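Chains, contacts and geometry: an overview
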Amino acid sequence: RPLLDPRYLPMKKFFFALILNSLFIIRPLPALATTSLSLTSSTDSPQVGVSFTVTINTTSTDSTLGTDVVLTYDPQVLEFTSATAGTIYPNYSSLTEQATPGKVFISAVSDFTKGVIPTGTFATVTFTPSKPGKTQIAFAYQPQATNLTQAIPFESEKTTNLITQAPVPLNLTV
């Protein structure tokens, strides 16, 4: 009866833990999904008084319910002119400047029956420089923030931002 002998109990715990751990190690890990955003400008050197466009691009392997983009810019150097929806999502609910100058909020959602894998042009924003200077257009982003730039998974019990790395800002000299 060595199995019931208390001297063998620590050894049984060790082998049980070893077998349990090996079950998790042998199982293949799920592929890491990625969603990212980027900005491209229609010009490298915008001119005062001449409108230019900034394209919001997205690349993803995730099925999403929707994406919210909050862009920030210096209202002393750039003036928001307009925003045009892309063709990724069927519904763009907001293409307007926030009440606070220096922010543009664009929200898009799926039709709620199936997810959207957002790859391509999310939206195009037009700005007009009002004075010369160095400036930046950036995504307002914080990991897991639900009130800033985010991509929401289609099937999830909890709200999770699928964008896990801060998008790179667009630096300009007018």
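Scroll up to find the structure.
Remember, it's a predicted structure, so these values are computed and weren't measured experimentally. (Residues numbered from 1 in each chain as written. Predicted model: local features only at pLDDT ≥ 70, side-chain atom pairs only at ≥ 80, totals over all residues. Heavy atoms only, no water.)

**So, the sheet that holds strand β1 (residues 35-41)**
Taken in spatial order, the four strands make up an open sheet running β1-β2-β7-β4, and their pairing is antiparallel. Each of the sheet's edge strands pairs with one partner strand only, and the pair in question is β1 and β4 (78-85). On average, each strand axis in the sheet is tilted by 25° relative to the strand beside it, whichever way the strands run. Note: β1 against strand β2 (residues 52-60), seven bridges, orientation antiparallel. Across the sheet, the residue bridging to S38 is N57, located in β2. (Pairing = 2+ DSSP bridges. Helix = DSSP H or I, 4+ residues; strand = E, 2+ residues; numbered from the N terminus. Axes fitted to C-alpha atoms, helices over the stretch in contact; angles between N-to-C directions.)

**With respect to the side chain of T58**
Turning to its location among the elements, T58 is positioned in strand β2. With residues up to four places along the chain from it excluded, the contact list for T58 reads T35, S36, L37, I88, P118, T119, G120 and F122. (Contact = heavy atoms within 4.5 Å.)

**Observations concerning the nonpolar core**
Ranked by size, the top nonpolar core spans 32 residues in total, and within it I56, L71, I106, F122, F127 and I137 carry the most contacts. Of all the secondary-structure elements, those providing two or more residues to this core are β1, β2, β3 (64-72), β4, β6 (103-109), β7 (120-129), β8 (134-139) and β10 (170-173). (Core = buried A, V, L, I, M, F, W, Y, C linked by side-chain atoms within 4.5 Å. Buried < 20%, exposed > 50% of the residue type's maximum accessible area, 1.4 Å probe, protein only.)

**A closer look at unusual backbone geometry**
The phi dihedral of F112 is positive, around 75°, even though this residue is not glycine. Turning to its location among the elements, F112 is positioned in the loop between β6 and β7. Looking at F112, the relative accessible area reads 56%, which means it is exposed.

**A few points about the environment of T149**
Looking at where T149 falls in the secondary structure, it is placed in the loop between β8 and β9 (150-153). Classification of T149 as buried rests on a relative accessible area of 0%. The sequence separation of T149 and T67 amounts to 82 residues, and the corresponding C-alpha distance is 7.5 Å. When near neighbours in sequence (up to four residues on either side) are disregarded, T149 contacts L37, D68, V69, V70, F139, A140, Y141, N161 and I163. Of note is the side chain of T149, whose polar atom sits 3.0 Å from the backbone nitrogen of V70. (Polar contact = N/O pair within 3.5 Å; in protein donor to acceptor, adjacent residues only side chain to side chain.)

**Describing the pairing of β10**
Along a regular strand, successive side chains alternate from one face of the sheet to the other. Alternating positions in β10 separate cleanly, L170 and L172 being buried on one face and N171 and T173 remaining unburied on the opposite face. Pairing between β8 and β10: four bridges, direction antiparallel. Residue pairing for β10: I137 is matched across the bridge by L170.

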